[in-house]
Amino acid sequence: MAENIAKSKPAWLEEAVFYEIYPQSYYDTNGDGIGDLPGIISKLDYIQSLGITGLWINPCFVSPFQDAGYDVADYYQVAPRYGTNDDLKRLFSEALQRGIRVLLDLVPGHTSIDHPWFKESCRPERNKYSDYYIWTDSVWKWEIPGYKVVSGFSQRNACYITNFFYSQPALNYGFACPDPNQPWQQPVDAAGPQQVRGELKNIMRYWLEMGASGFRVDMAGSLVKADPGLRETSKLWREIREWLDVEFPGACIISEWGNPSQAISAGFHMDFTLPFGMPGYTALLRKHYDAGPGSDPYGFSFFEAVGHGNILEFLDNYLYHYSLTQGKGLIAIPTGNHDINPRLSMGRSVNEIELIFLFLLSMPGVPFIYYGDEIGMRSFGNLPSKEGGYNRTGARTPMQWSNEMNAGFSTAENNKLYLPIDPDPHKPNVEQQENDPHSLLHRVQKLMAIRKAHPALQASARFEVLFAEAGRYPFVYKRSVDDEEILIALNPASSAVQAEIEVRAGNLPRTIYGPDGIFTLHNNHLKISMPGISGGIYQLKEA
Ligand code: NOJ
Ligand code: CA
């Protein structure tokens, strides 16, 4: 199985760099204060100029928006506030003309309480949808250990299990180990769970046939309940992957799982490193960010000028997953996403942010850039919650395009905007950064072009750590493919550092990006002396 999966990887992933768009905050074309699909289409030239080859659009389907669209009420219809299905179709084709593929956000684990399936399922009389959701057998048994249940919602004498908020009832994919004392727990091969599986394929087929290139899959590990080792959930996804490989071999699925070795053996092409699940993301990029129980504790991240981070807190775990997934699937490291507040830029200078892009764009796997991070947009800690955002809301504010009204996001009156615009008069915007050759935007563009020009920097080229020590800086690694070898050195700390590494090189490395003159050669050893807050990309061996 693993062999087949490795062979069927869509070739376009090799060079891919993705951009995540939260559609309500990207660009508003009809002045209602909410971003829309025609808005994304009209910004495709900008997205292309950045070097992006893939988009992930957060859910854009009919929804009451109690969780920003992660509560879908119709999987087959674009939400009117974003446009029409035809607009989405046009987005697929206009993007593809620019070499950009579009991934939709698939929410397989739950629907909205407004979904017609759920409304039918709520009815006390048995019907086609009775077993589409997970219902207990009595409205009065509302303490089910290990599950969140809602009681008294409908006339059906049962509680439903939710996957996230109360408004997101879990679809029924069955239980891997149903409790014999709880007969409402159905096995995965029961009729209801099998029908739901069929619905999932229908939804995927519908959008893939229309021109989508795949899906980012929400809470992909959440489907089958009571599933030790997520074995049945993994089986389900492998079945989907086998079907995709036959019917849509160019399509890609990327999971929100947070455990790449597990997700990739479950059939996903890629999995994200996230603040939850896979430890290390926070220790790498986010300072003073608490993602809740099980997440990294507060502390210093590696990319902080104070230089108190520890690269191994990220690297040990990364290498564990990397070695298990190499040749089989990819790990995606995002600059951030719509769930992570603060944004990358918070508390960091442009030079410091640049180093993070240098790192992300030279690592194996596929980088994801959260909209606005390429210009260093700020986030907010205390915005009132919008559409179930709560503390995430501050990282979802409108994209800043220019100095014009509403930062060029919308012509709507200020109080009609989806979320307020950053009030800082010096906030970054695209227009101003396009005109400034030293801007973060220009640096990101340059790094993107370098990744594109060098196969050794791309998704599945080899990765070898050359210098990484607990609590020390710099971090130095090598990427290579065929005969090309590239060395990346990073010192996010504000003080100068030195390191000695062993490489078989007759010459001094040639600078591709970053400061010159940081190397000296002693026999087979390269000595690196790096100024504070510096980093670069160097050619060890030409292809
Ligand atoms: C993960 C999504 O990224 C998040 O925004 C959403 O609230 C939950 N899944 C529930 O669907
Ligand atoms: Ca609009």
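The notes below deal with the structure included here.

Conventions adopted
- Residues numbered from 1 in each chain as written.
- Chains lettered and ligands numbered in written order.
- Predicted model: local features only at pLDDT ≥ 70, side-chain atom pairs only at ≥ 80, totals over all residues.
- Heavy atoms only, no water.
- Donors = N, O, S within 2.8 Å, 3.2 Å for Na, K, Ca; no water.
- Buried < 20%, exposed > 50% of the residue type's maximum accessible area, 1.4 Å probe, protein only.
- Disulfide = S-S within 2.5 Å.
- Near = heavy atom within 4 Å.
- Polar contact = N/O pair within 3.5 Å; in protein donor to acceptor, adjacent residues only side chain to side chain.
- Areas by Shrake-Rupley, 256 points an atom, 1.4 Å probe, with all protein chains shown as cover.
- Nonpolar A, V, L, I, M, F, W, Y, C, P; charged D, E, K, R; others polar.
- Helix = DSSP H or I, 4+ residues; strand = E, 2+ residues; numbered from the N terminus.
- Expected span 1.5 Å × (residues − 1).
- Contact = heavy atoms within 4.5 Å.
- Pairing = 2+ DSSP bridges.
- Axes fitted to C-alpha atoms, helices over the stretch in contact; angles between N-to-C directions.
- Right-handed = clockwise from strand over helix to strand, strands pointing away.

## Quick look at the coordination of the calcium ion (ligand 2)
At step 1: Within the protein, Asp-28 (OD), Asn-30 (OD1), Asp-32 (OD), Ile-34 (O) and Asp-36 (OD) serve as the donor atoms for the calcium ion (ligand 2), at 2.3 to 2.4 Å.
At step 2: In primary sequence terms, the donor set of the calcium ion (ligand 2) follows D-x1-N-x1-D-x1-I-x1-D. When sorted by exposure, Ile-34 lands in the same class as Asp-36, which is buried.

## Quick word on the state of the cysteines
At step 1: All told, the structure shown has zero disulfides when counted by the stated rule.
At step 2: Of the cysteine sulfurs around Cys-60, a residue in no disulfide, the closest is that of Cys-252, at 17 Å.
At step 3: In this structure Cys-159 is a free cysteine whose sulfur lies 12 Å from that of Cys-122, the closest cysteine sulfur available.

## Some remarks on the site of ligand 1
At step 1: Around ligand 1, the structure places 13 residues, and the nearest of them are Asp-67, Asp-218, His-338, Asp-339 and Arg-392.
At step 2: Measuring from an oxygen atom of ligand 1, one finds a side-chain N or O atom of Asp-67 at 2.6 Å.
At step 3: In the environment of ligand 1, a nitrogen atom lies 2.7 Å from a nitrogen or oxygen atom belonging to the side chain of Asp-218.
At step 4: Protein contacts shield 98% of the accessible area of ligand 1, which totals 300 Å² for the unbound molecule.
At step 5: Broken down by class, the residue content of the shell around ligand 1 amounts to three nonpolar, three polar and seven charged.

## Details of helix 10 (residues 311-325)
At step 1: For helix 10, spanning 15 residues, the distance from its first C-alpha to its last is 21 Å, which sits close to the expected 21 Å at 1.5 Å a residue.
At step 2: If you check which residues of helix 10 are buried, you get Ile-311, Phe-314, Leu-315, Asn-317, Tyr-318, His-321, Tyr-322 and Thr-325.
At step 3: Of the surrounding secondary structure, the elements contacted by the buried residues of helix 10 are helix 8 (260-265), helix 9 (281-285), strand 11 (330-332), helix 11 (350-360), strand 13 (462-467) and strand 14 (475-481).
At step 4: Backbone nitrogen of Leu-312 and a side-chain oxygen of the N-cap are separated by 3.0 Å at the start of helix 10; the cap is Asn-310.

## Quick notes on the environment of Ser-222
At step 1: Its place among the elements puts Ser-222 in the loop between strand 8 (214-217) and helix 7 (231-247).
At step 2: Aside from chain neighbours lying at most four places away, what touches Ser-222 is Gly-109 and Asn-163.

## Concerning the sheet that holds strand 18 (residues 519-522)
At step 1: If you walk across this open sheet you meet the three strands as 16-19-18, and the pairing is antiparallel. Sheet topology places strand 16 (497-502) and strand 18 at the edges, where each strand pairs with a single neighbour. If you compare each strand with its neighbour and ignore which way they point, the axes differ by 20° on average.

## Thoughts on the pairing of strand 8
At step 1: Burial along strand 8 is two-sided: the face carrying Gly-214 and Arg-216 and the face carrying Phe-215 and Val-217 are both buried.
At step 2: Across four bridges, strand 5 (residues 101-106) lies against strand 8 in parallel orientation. Along strand 8, the bridge assignment pairs Asp-105 with Arg-216.
At step 3: Where strand 8 and strand 9 (residues 252-255) come together, four bridges link them in parallel fashion. Along strand 9, the bridge assignment pairs Val-217 with Ser-255.
At step 4: Once you follow strand 8 into helix 7 and on to strand 9, the crossover reads as right-handed.

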